[in-house]
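Working through the structure, step by step
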Amino acid sequence: MKKIILPLIILAIPSLMHAATAATQLEGSFKFGPAIILIAILVLFVLVGIYFRAKDTTDYYAAGRSISKVGSGMAIASNWMSAASFLGMAALMYGSGYHGLAYVVGWTGGYVLLLVLMAGQIRKYGKYTAADFIGDRYYSQSLRVIGAIVAILISIAYCVGQFGGIGLMFKWILGLPYIWSVIIGGTVVLTYTLISGMLGVTKNMQIQYVIIIISFLIPLFILTFKFDYFWLLPQIGYGSVVSDIVTGVPLAETSQLLNSMGHEYAMVASPEYAMPWDPATGQTFYQWIAIAFSLMIGTAGLPHVIQRFYVVPKARDARWSVVWGLFFICLLYWSAPAYSAFGKILSANPEVGKLAKDAIVVYTAQLGDIHPLIVGLLAAGGVSAAFSTVSGLLVAGSSAFAHDLYVKVLRPNSTPKTQLVMARVATIVMAIIVTLLAIPQFALIAQLVAIAFSLAGCTIFPLFLLGIWWSGSNKQGAMAGIIVGLLVSAVSLTYSLVGPALPGYDFISFWMGPWYFAIIGAPLAIIANIVVSKLTPETPIEIRKFLIEQVHS
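Computed from a prediction, not measured in an experiment: that's the story for all the values here.

1. Considerations on the overall build of the protein chain
Helix and strand counts for the protein chain stand at 23 helices and zero strands. A total of 553 residues make up the protein chain; the buried ones form 58% of that total. Long-range pairs, those at least 24 residues apart, make up 83% of the contacts in the protein chain with a sequence separation of at least 6. When the accessible surface of the protein chain is split by element, carbon and sulfur atoms take 70% of a total near 21100 Å².

Now the structure itself:
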């Protein structure tokens with residue numbers, strides 16, 4: 001077999017290279033080389049999912065609690081670096097410059113918050129899901145149900161942005177309409193999630209991280225070298241690109257430096273690109289801080305992130321997995337602003353036309369005339385980033401339904417086999433809902449994801465923060481807090497959807513925007529929890545004793 005396959009591969013290389021080189025259109029064409037790369041990694045994901053498929057509920061919910069610190073850190077990074085990180089951050093900075101850095105600061109700071117406040121304690125508590133913790137800590141089936149529903153809503157909101165990223169990359173590679181790209185991509189990720197559960201998903205995340213980081217960094221080294229910037233460390237060298245954007249680049253200086261369409265990257269000065277909260281961006285200091293704050297606390301309240309701490313054997317492993325995760329995450333986060341800067345100068349010529357901001361990472365590499373196979377690898381990395389996050393979200397959402405609603409509330413005596421069936425049914429239903437919501441493209445990927453963060457910051461984060469660190473928080477206080485958080489979320493999203501027809505629209509849309517309403521909702525939820533807890537019966541002694549002896553021992 002090897003004697004047959006090897007010559008076929010060698011013979012195919014020239015045609016593959018030719019087809020890849022011909023695929024230079026920014027939009028609307030089937031790109032053979034990138035398509036081969038995409039199909040290869042999708043097949044790999046499915047095979048890994050089959051090999052490490054979930055055999056029981058522990059495998060499906062918590063990967064058998066068998067993942068190492070470094071492996072868990074890679075999975076955390078991969079699970080975290082969604083399409084919003086891989087594609088969305090550069091898109092925001094490409095469009096709004098300095099203001100987009102609020103997303104980098106918020107998402108990175110959120111993991112530091114998790115490391116300091118929650119990682120070890122969450123693992124010591126020993127539950128499978130966020131709703132499981134809420135129901136047990138606050139000794140309330142009603143709160144368990146509310147927590148599960150909120151976890152499902154957060155997972156769906158987060159998934160919508162990821163499906164949008166998958167659709168954009170499939171559209172770019174395969175030349176299909178966006179709708180079909182979303183449907184096909186969503187079907188593939190659904191298939192291997194159904195097969196694998198958390199165990200296979202976690203193993204896939206480790207592979208996906210390697211693909212994500214390699215595909216993201218290689219084009220960056222090539223771009224900085226090719227356009228004569230400091231290429232040994234592109235994360236520093238791109239600062240000169242930002243200076244060129246701010247001061248402008250005269251035509252005489254770029255006659256030998258052309259993009260793939262033959263345009264010099266000369267551009268007029270754009271000082272607002274690097275100015276904090278410049279009026280030209282339409283953003284203010286308050287909005288920058290509000291976004292960063294909401295993303296930080298939202299990170300510490302995301303169900304699929306919290307669930308990652310249950311896959312390691314011990315609490316110490318949970319803390320170290322966050323440290324490793326932060327390291328792996330920073331490799332990409334330090335690099336994303338460079339793509340926005342290069343995208344700005346390479347697309348400065350009006351003849352380039354209007355580019356989809358969410359695909360600017362891939363367009364930047366393509367406009368930089370990087371070999372299409374490498375650009376194809378970059379696009380495949382974007383798909384990997386979306387897939388890794390979607391799979392974790394689907395498992396978190398389906399676990400909230402199967403484990404927290406079906407097993408703990410509706411059918412306590414159901415068999416493990418029935419639980420797995422219900423988890424898979426819930427996964428399918430979630431995927432269908434997300435696909436329908438992703439098709440209209442309501443907003444940029446990172447903005448859609450920010451809604452999920454604000455919702456998590458208003459609801460789940462206060463319950464975990466007070467539930468872990470204040471034994472006085474009781475079920476009445478928790479109920480008051482989550483109701484307040486949900487009300488703030490409902491007001492913000494209603495005003496965002498309905499628009500100026502509602503009274504006080506300008507006030508609400510500024511102070512409680514859909515991307516950052518947690519800056520108002522989270523403090524109000526915490527205050528409500530504390531006040532009501534003080535006015536109602538104490539937390540049962542067995543809960544307080546467990547917190548002291550087990551969680552904070």
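2. Describing helix 15 (residues 336–346)
Within an α-helix, residues lying three or four positions from one another point in the same direction, as the helix has 3.6 residues per turn. Burial analysis of helix 15 places 10 of its 11 residues in the buried class, which makes it a mostly covered element. Residues of helix 15 that are buried include every one of Ala336, Pro337, Ala338, Tyr339, Ser340, Ala341, Phe342, Gly343, Ile345 and Leu346, and no others.

3. Considering helix 20 (residues 475–498)
Over its 24 residues, helix 20 extends 34 Å from the first C-alpha to the last, a length consistent with the 34 Å expected when each residue adds 1.5 Å. Of the positions making up helix 20, those classed as buried are Gly477, Ala478, Ala480, Gly481, Ile482, Gly485, Val488, Ser489, Ser492 and Tyr495. The secondary structure elements touched by the buried residues of helix 20 are helix 9 (141–174), helix 19 (445–469), helix 21 (505–511) and helix 22 (518–535). Remark: Gly499 follows helix 20 within two positions and exhibits a positive phi of approximately 95 degrees.

4. A word on the nonpolar core
Counting 161 residues, the largest nonpolar core has Trp80, Trp107 and Phe464 as the members making the most contacts within it. Per element, the largest residue contribution to this core is 19 residues, and it comes from helix 9. Counting five residues, the second largest nonpolar core, distinct from the first, contains Ala402, Tyr406, Met422 and Ala423.

5. Thoughts on the side chain of Asn529
Considering the arrangement of structural elements, one finds Asn529 in helix 22. For Asn529, a relative accessible area of 1% corresponds to the buried category. Leaving out residues up to four positions away in the same chain, Asn529 has contacts with Tyr138, Leu463, Leu466, Ser473, Gly477, Ala478 and Gly481.

6. Focus: the packing of aromatic side chains
Under the definition given, this model contains 15 aromatic pairs. Measuring from centroid to centroid gives 5.7 Å for Trp107 and Phe453, while their planes differ by 50 degrees, and the two rings are tilted. With a gap of 346 residues between them, Trp107 in helix 6 (residues 101–117) and Phe453 in helix 19 connect regions that are remote in the sequence. Aromatic pair Phe507 and Trp511: ring centres 6.5 Å apart, planes at 45 degrees, arrangement tilted. Here Trp511 and Phe507 lie together in helix 21, a separation of four residues that amounts to about one turn. Grouping aromatic residues by their ring pairs yields a cluster made of Tyr286, Phe507, Phe510, Trp511 and Tyr516. Above the ring of Tyr138, the side-chain terminus of Arg137 is found at 4.8 Å from the ring centroid.

7. A look at unusual backbone geometry
Even without being a glycine, Tyr139 presents a positive backbone phi close to 40 degrees. Residue position: Tyr139 is located in the loop between helix 8 (130–137) and helix 9. Classification of Tyr139 as partly exposed rests on a relative accessible area of 27%. One non-glycine residue with positive phi stands out, namely Asp228, at about 65 degrees. Tracing the backbone shows Asp228 in the loop between helix 10 (178–226) and helix 11 (234–247).

8. With respect to the confidence of the model for the protein chain
When pLDDT is averaged across the protein chain, the result is 81; 86% of the residues are at 70 or more. When pLDDT is averaged over each helix and strand of the protein chain, the minimum, 39, is found for helix 1 (residues 2–22) and the maximum, 97, for helix 22. Confidence over residues 1–24 falls short of pLDDT 50; this stretch has 17 contacts with residues more than four positions distant or in other chains. Every residue in residues 61–65 is under pLDDT 50, and counting partners more than four places away or in other chains gives 27 contacts.

9. Observations regarding the pattern of salt bridges
Working definition: two side chains of opposite charge can pair if their charged atoms are close together. Counted according to the given criterion, the structure contains three salt bridges. Among the salt bridges present, the one from Lys226 reaches Asp369, with a minimum N-O distance of 3.8 Å. Here Lys226, found in helix 10, pairs with Asp369, found in the loop between helix 16 (360–367) and helix 17 (372–410); they are 143 residues apart in sequence, far enough to count as distant. Here Glu538 and Arg544 are joined by a salt bridge, their closest N and O atoms 3.4 Å apart. Its relative accessible area of 62% is what places Glu538 among the exposed residues. By relative accessible area, Arg544 is classed as partly exposed at 23%.

10. Notes on the packing of helix 9 against helix 18 (residues 416–438)
The N-to-C vectors of helix 9 and helix 18 enclose an angle of 60 degrees; their axes lie 8 Å apart at closest approach. As far as their axial angle goes, helix 18 and helix 9 are oblique. Every pair of crossing elements has a handedness; the one defined by helix 9 and helix 18 is right-handed. Facing helix 9, whose interface residues are Ser155, Ile156, Cys159, Val160, Phe163 and Gly164, helix 18 presents Met430, Ala431, Ile433, Val434, Thr435, Leu437 and Ala438.

11. With respect to a nonpolar patch on the surface
Nonpolar side chains collect at one region of the surface, where Phe221, Phe225, Phe230, Trp231, Leu232, Leu233 and Ile236 lie side by side and expose about 720 Å² of accessible area between them. Along the polypeptide, Leu233 turns up in the loop between helix 10 and helix 11. The exposure class of Leu233 is partly exposed, given its relative accessible area of 39%.

12. Some words on the environment of Leu190
Here Leu190 lies in helix 10. By relative accessible area, which is 15% here, Leu190 ends up buried. The spacing of Leu190 and Met430 is 240 residues in sequence and 9.6 Å in space, taken between C-alpha atoms. Ignoring any residue separated from it by four or fewer positions in sequence, one finds Leu190 in contact with Thr427, Ile428 and Ala431.

Definitions and limits used
Each chain carries its own residue numbering, running from 1 in the written order of its sequence. A pLDDT threshold of at least 70 governs which residues receive local features in this predicted model, and a stricter bar of 80 or more applies before side-chain atom pairs are shown or counted, although totals over entire chains, interfaces and linings include all residues. The basis for the side-chain values is all heavy atoms of the structure; hydrogens and waters are excluded. Helix and strand assignments come from DSSP, with helices taken as H or I runs of at least 4 residues and strands as E runs of at least 2, each series counted from the N terminus. The buried label goes to any residue with under 20% of its type's maximum accessible area, the exposed label to any with over 50%, and the partly exposed label to all in between, with areas taken from a 1.4 Å probe on protein chains only. Only heavy atoms enter the contact rule, under which two residues are in contact if any of them lie within 4.5 Å. Accessible areas in this description were obtained via Shrake-Rupley with a 1.4 Å probe; residue shielding takes into account the shown protein chains only. The length a helix should cover is 1.5 Å for every residue beyond the first. Side-chain atoms within 4.5 Å link the members of a nonpolar core, which is a set of buried Ala, Val, Leu, Ile, Met, Phe, Trp, Tyr and Cys residues. Note on aromatic contacts: the rings of Phe and Tyr and the six-membered ring of Trp form a pair at centre separations within 6.5 Å, being stacked when their planes are under 30 degrees apart, edge-to-face when over 60 apart, and tilted otherwise. We call a charge positioned over a ring when the NZ of a Lys or the CZ of an Arg lies within 6 Å of the ring centre and within 35 degrees of the ring normal. Within a predicted model, pLDDT stands for the predictor's per-residue confidence, ranging from 0 to 100. What makes a salt bridge here is a side-chain nitrogen of Lys or Arg within 4 Å of a carboxyl oxygen of Asp or Glu, nothing more. Axes, fitted as lines to C-alpha atoms, cover a helix only where it is in contact. Angles between the N-to-C directions of the axes lie from 0 to 180 degrees. Geometric relationships in this document are graded by angle, where less than 35 degrees denotes roughly parallel, more than 145 denotes roughly antiparallel, 65 to 115 denotes roughly perpendicular, and other angles denote oblique. Should the near helix be turned counterclockwise from the far one by less than a right angle, the crossing is left-handed, whereas a clockwise turn marks it as right-handed. Residues enter patches when their relative accessible area tops 30% and they take part in no salt bridge; the joining distance is 9 Å for like charges and 5 Å for the nonpolar side chains Val, Leu, Ile, Met, Phe, Trp and Tyr.

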